[in-house]
Amino acid sequence: MKPLLSVDELDVRHGLLQAVRQVSFEVGEGETLALVGANGAGKTTLLRAIAGAHRPAGGRIRFDGRDITTLAAHRRVRRGIALVPEGRRLFPGLTVEENLRVAAGAGRDGAWDLERVLEVFPLLAPLRRTRAASLSGGEQQATAIGRALMTNPRLLLLDEVSLGLAPVVVERVYESIAGLLEGGVAILLVEQDLARAMRVADRVVCMLEGRIVLEGSRGELTREQVTDAYFGLGRAEATA
Amino acid sequence: MTWVSAIVHGILLGGVYALLASGLALMFGVMRIINLAHGSLALVGAYMSFLITEHLGISPYLSLAIVLPGALIVGYALQRTVLERSLRAGPLVPLLTTFGLLIVIANLLQYFFSPDVHSLDEGSIGLKAISVSNELAIPWFDVLTFGVAVVVLVGLQLVLRYTQVGRELRATAEDADTAELVGINARAVYARATAVAVATAALAGVFYGMRSGFDPNAGASELLYAFEAVVIGGMGSLWGTLVGGVVLGVAQLVGAQINNEYFALSGHLVFLVVLVARTALGVRGVGFRIRFVRRSVA
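Residues numbered from 1 in each chain as written. Chains lettered and ligands numbered in written order. Predicted model: local features only at pLDDT ≥ 70, side-chain atom pairs only at ≥ 80, totals over all residues.

Trainee: Residues and numbers for the overall build of chain B, please.
Mentor: Helix and strand counts for chain B stand at 11 helices and two strands. Counted from the first residue to the last, chain B has its helices and strands arranged as α-α-α-α-β-β-α-α-α-α-α-α-α. In summary, chain B has a C-alpha radius of gyration of 19 Å against a globular reference of 19 Å for 298 residues, a match within 12%. Dimensions of chain B, computed from the C-alpha atoms along their principal axes, are close to 60 × 50 × 35 Å. Burial analysis of chain B (298 residues in total) assigns 51% to the buried set. Residue pairs at least 24 apart in sequence account for 74% of intrachain contacts in chain B once pairs closer than 6 positions are excluded. (Helix = DSSP H or I, 4+ residues; strand = E, 2+ residues; numbered from the N terminus. Rg over C-alpha atoms; globule rule 2.2 N^0.38 Å. Buried ≥ 20, exposed ≤ 12 C-beta atoms within 10 Å, placed from the backbone. Contact = placed C-beta atoms within 7 Å.)

Structure below.
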């Protein structure tokens, strides 16, 4: 499979703290990759670096064959990268519809528009004129995913979409994500729930203290291997 | 002057303040920049209009066709070259930068135009008034100024509310980092906002120049009233700015009605009362609370 995204020996720092160390991996066209690891393993920082919110200190990021390491975040959106950030980060004073439409301006042309997002997330339809600040957690998450989809991404980065949501709502969110897969969108997701990550992803990458310690496709990894890598126990090794 | 006429003229005077204050409110609302050079930029507009009317022999109104596009370019360039850098250094630095700009502009104007008072010719409209009664005559020029202020503020509000550019501006004002992540070029949005703000300043400057004489140091004093209008109106709210300007104008002229010396004082007092009420009691805005900036993150 031709890689859509390839990350090559990436280093990202927060001041003196090196959050991501020498990370290399690839995401293929239409593939779903889950990024797991404990808090502080560098997952969010890695996603934000790919989206362009953090400038890496070293290494390269290539997307669709072109180097995007130094490209501004808003230009990456135009190329087809969209991040659903941790904590949703909606524009609280804008209505649901405005939150969605504001993202359509700069994105790529494609099948996603306001109508289709409201079709996929029917719970948002009656809330179009409601300010994002007064939405429930699940409604906010749906809006955040919808907002990312409005840019017609080829690679969707999902950061902890289940955080702070009721299990029923998480189930619904993942159901709608499953629907996206049919559209050929590649997904890179960070997920705390290991079982869920291993269920939805084609491939799982486990990070520990900024490094990738385990990588493998769904079939070849056991839950124990991933758990060990997750907590830095043992020397579980597997090849992709 | 009767009380009624003091109030009517106060409302119209409020239009002058609101026109100058609109750009101030826009920049504060979008970027949290307190632009101390705003009044000076308005003056530059007035002086440019003066140059154009002198050399081309056209009216100040027609000169706007050159002044306004020029101001847009100046504003855009100002943001990209100076303000953008100072914004990166923290919230205090833009304040110092624009203060420096105020001094530089005042000195440059003094150098090129001398400290003498200049004025712009408002044309035949300046002589006409609507006479309501023997004691109350409303000058057409004041009505025009107020109308322009309303058109600018309503226009800005409509653009912010209903256009993609407006949505991008509000989104960037609320969370510039996230705006970038949905494809908005935040720096270009900021530059556009400053361009519009400077253009409204220049427009206000030309009307100010037709209304009364101006000298190179008039920028700072006019800025003070514009600031008071913005603060009374609720910091960064466009509708509120119009209300703030009107409240200030009425306060000044009603004060002057009591005693001519109370003109500025009564305006400052109302400003102080609103400021104290807002900080001490948590009262916000003056009835109109259609603010386009909400910093609180859900």
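Trainee: Outline the interface of chain A and chain B, supporting the account with residue identities and numerical values.
Mentor: With 25 residues of chain A at the contact, the number on the chain B side is 20 residues. Among the residues forming the side of chain A that touches chain B, the class breakdown is 15 nonpolar, five polar and five charged. (Nonpolar A, V, L, I, M, F, W, Y, C, P; charged D, E, K, R; others polar.)

Trainee: An account of the pairing of strand β7 (residues 155-159) of chain A is needed here, citing residue identities and associated values.
Mentor: Residues and elements named next belong to chain A. For β7, the buried fraction is high: five of the five residues fall into the buried class. By the alternation rule, side chains of β7 split into Leu155, Leu157 and Asp159 and Leu156 and Leu158, which are all buried. The sheet contact formed by strand β6 (residues 81-84) and β7 spans four bridges and is parallel. Bridge pairing in β7 places Ala82 opposite Leu156. As paired strands, β7 and strand β8 (residues 186-190) are joined by five bridges and run parallel to one another. Each bridged residue has a counterpart across the sheet, and for Asp159 the counterpart in β8 is Val190. (Pairing = 2+ DSSP bridges.)

Trainee: Please give an account of the confidence of the model for chain A that cites residues and values.
Mentor: All names here are of chain A. Averaged over all residues, the pLDDT of chain A equals 88, while 96% of them reach at least 70. Helix α6 (residues 167-181) is the least confidently modelled element of chain A, averaging 76 in pLDDT, while strand β4 (residues 58-63) averages 95, the highest of any element. Note that residues 236-240 has pLDDT below 50 and, in this model, 12 contacts with residues that lie over four places away or in other chains. (pLDDT = per-residue confidence, 0-100.)

Trainee: Explain the sheet that holds β4 of chain A residue by residue, including any values.
Mentor: Residues and elements named next belong to chain A. Taken in spatial order, the four strands of this open sheet run β2-β1-β4-β5, and their pairing is antiparallel. Bordering the open sheet on either side are β2 (17-28) and β5 (66-67), each of which pairs with just one other strand. Bridge count for β4 against β5 is two bridges, and the pairing is antiparallel. Its bridge partner lying in β5, Arg62 is registered against Asp67.

Trainee: Mind laying out the packing of helix α3 (residues 60-88) of chain B against helix α8 (residues 186-211) of chain B, listing which residues take part and the relevant values?
Mentor: All names here are of chain B. The N-to-C vectors of α3 and α8 enclose an angle of 140°; their axes lie 7 Å apart at closest approach. With respect to α8, the element α3 is oriented oblique. Once α3 is placed against α8, the crossing between them reads as right-handed. (Axes fitted to C-alpha atoms, helices over the stretch in contact; angles between N-to-C directions. Parallel < 35°, antiparallel > 145°, perpendicular 65-115°, else oblique. Left-handed = near helix turned anticlockwise from the far one by under 90°.)

Trainee: I'd like to hear about the sheet that holds β8 of chain A, residue by residue, with values.
Mentor: All names here are of chain A. Sheet architecture is open: six strands sit in the order β6-β7-β8-β3-β9-β10, paired in mixed fashion. Two strands bound the open sheet, and with one partner strand each, they are β6 and β10 (211-217). Averaged over all pairs of adjacent strands, the angle between their axes in this sheet comes to 15°, without regard to strand direction. With six bridges connecting them, strand β9 (residues 203-208) and β10 associate as antiparallel partners. Paired with Arg203 across the bridge in β10 is Ser217. Taken strand by strand, helix α5 (residues 137-149) contacts β6 and β7, and its axis lies near 170° from that of β6.

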